[in-house]
Amino acid sequence: MASPLEQFTIEPILDLKIGETDISFTNSSLWMAITALVLIVFVVVGTQRRALVPGRWQSAVEYFYQVVADMVRDNVGSQGRPYFPFIFSLFMFILFGNLLGLIPTAFTFTSHLAVTFAMAAFIFVGVTIIGLITHGLKFFSLFFPHGAPIVSAPVLIPIEIISYFSRPISLSVRLFANMTVGHVLLKVIGGGVVALGGFFVVPGLLPFVFLVAITMLEVMIAVIQAYVFAILTCVYLNDALHLH
Amino acid sequence: MGVGVKVGVDLVVGVGVGAGIGWGLDFWLGTKPFLLALFIILGFVAGLLNVVRTANQSFKSSRTDDTDQ
């Protein structure tokens, strides 16, 4: 039987090279493109008619808009409004990537640390630059807790700096680990169904029931992890804009 | 599973980043291995701090959800 990790192999579809750098169009890139396309169709078609009383499709798009708008307002406040389009795109891209990845034979690009870390590193650098632009050198007061005695600075400042630098890593590892573990689990239990003779005989039926339950759990995790990624981006943005 | 993964990742990443910074500073200043040891400890503290912060955050958000409904 195939290894449960085989589903994460990156295969080039179109070989491309610039100098020494390999920029091949892979199955990962293909599914990112599909995700972006599905997302554009979902939002553009949904907002085409702009009816006062929304139809089903428009309601769905408006619901996502509302969720992200509430998240930005609650976590960042009115100053976060200019960053709403970015957070919305980020949330929808990860959410659709996670959900489309659950379709059998699809490739889950969020199960690769390279992808999630690229997003987290971009957010980390961006948020730091936003903080430096808004507050100038006062931004570095973020590394010293408000009201702590000045004597404790040599201990507290390194701790705060480590805590700050661990943000992009924990942000990316969390999404990557959840997606990888989920898909390995699905594959292993799916293998169990096949090994016990398929879902139409008694021994194979038991893991099949479990597989259905795990699939539902995975749909929930796909949504939660996209939400967590977006909400933490909001929290980091809030720290940079308001300093404590 | 979600909360466990969150807390575990926060803690391990703190130690990892601390070790990385310590190793880098050792390499740069030539003080092997003292800063590595020091920063692993600081990284552990930073990891704990991260855990406390995420816990506070989820506690706060779950409490506001309760009052909303």
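Above: the structure in question.
This text gives an overview of the structure that appears in the document. If you're wondering where the values come from, they're calculated on a predicted model, not measured in any experiment. (Residues numbered from 1 in each chain as written. Chains lettered and ligands numbered in written order. Predicted model: local features only at pLDDT ≥ 70, side-chain atom pairs only at ≥ 80, totals over all residues. Heavy atoms only, no water.)

Turning next to the environment of Glu62(A). Residue and element names in this part refer to chain A. With respect to the helices and strands, Glu62 occurs in helix α2 (residues 56-75). Classification of Glu62 by relative accessible area gives partly exposed; the value is 37%. Between the C-alpha atom of Glu62 and that of Val43, which follows or precedes it by 19 residues, the distance is 9.1 Å. (Helix = DSSP H or I, 4+ residues; strand = E, 2+ residues; numbered from the N terminus. Buried < 20%, exposed > 50% of the residue type's maximum accessible area, 1.4 Å probe, protein only.)

Once that is clear, we can look at the packing of aromatic side chains. Residues and elements named next belong to chain A. Inspection of every chain in the model, using the stated rule, returns 16 aromatic pairs over all chains. When the ring of Tyr63 is compared with that of Phe64, the centres are 6.3 Å apart and the planes differ by 65°; the resulting orientation is edge-to-face. With relative accessibility at 55%, the residue Tyr63 sits in the exposed group. Following the ring pairs from residue to residue traces out a cluster consisting of Phe124, Phe139, Phe140, Phe143, Tyr164 and Phe165. (Phe/Tyr/Trp six-rings, centres within 6.5 Å; stacked < 30°, edge-to-face > 60°.)

What follows covers the interface of chain B and chain A. Contacts between the two partners involve 19 residues from chain B and, on the opposite side, 16 residues from chain A. Taking both sides of the interface into account, the surface hidden between chain B and chain A amounts to around 1500 Å²; carbon and sulfur atoms contribute 75%. Scanning the region where chain B abuts chain A turns up 2 salt bridges. Glu160(A) serves as the salt-bridge partner of Arg53(B), at 3.0 Å between the closest nitrogen and oxygen. At the junction of chain B and chain A, the tally comes to 4 residue pairs in polar contact (both at pLDDT 80 or more). Residue assignment for the side of chain B that touches chain A shows that the elements contributing at least two residues are α1 (2-29) and α2 (34-68) of chain B. For the side of chain B that touches chain A, a count of residues per class yields 11 nonpolar, 5 polar and 3 charged. (Contact = heavy atoms within 4.5 Å. Buried area = accessible area lost by both parts, 1.4 Å probe. Salt bridge = Lys/Arg side-chain N within 4 Å of Asp/Glu carboxyl O. Polar contact = N/O pair within 3.5 Å; in protein donor to acceptor, adjacent residues only side chain to side chain. Nonpolar A, V, L, I, M, F, W, Y, C, P; charged D, E, K, R; others polar.)

A word on the environment of Leu14(A). Residue and element names in this part refer to chain A. By secondary structure assignment, the location of Leu14 is in strand β1 (residues 12-14). Spatially, the C-alpha atoms of Leu14 and Asn27 are 9.4 Å apart, while their sequence positions differ by 13 residues. Those residues within four positions of Leu14 in sequence are excluded, and the remaining contacts are Ser24 and Phe25.

Here the focus is the pattern of salt bridges. Residue and element names in this part refer to chain A. All chains considered together, the criterion is met by 5 salt bridges over all chains. Put simply, Arg73 and Asp74 hold a salt bridge, and the shortest N to O gap is 3.9 Å. Judged by its relative accessible area of 52%, Arg73 falls in the exposed class. Taking the relative accessible area as the measure of exposure, Asp74 reaches 60% and is therefore exposed. Across the pair Arg167 and Asp239 runs a salt bridge, and its minimum N-O distance is 2.6 Å. Here the residue Arg167 occupies a position in helix α5 (residues 153-195), and Asp239 occupies one in helix α6 (residues 202-242), the gap between them amounting to 72 residues.

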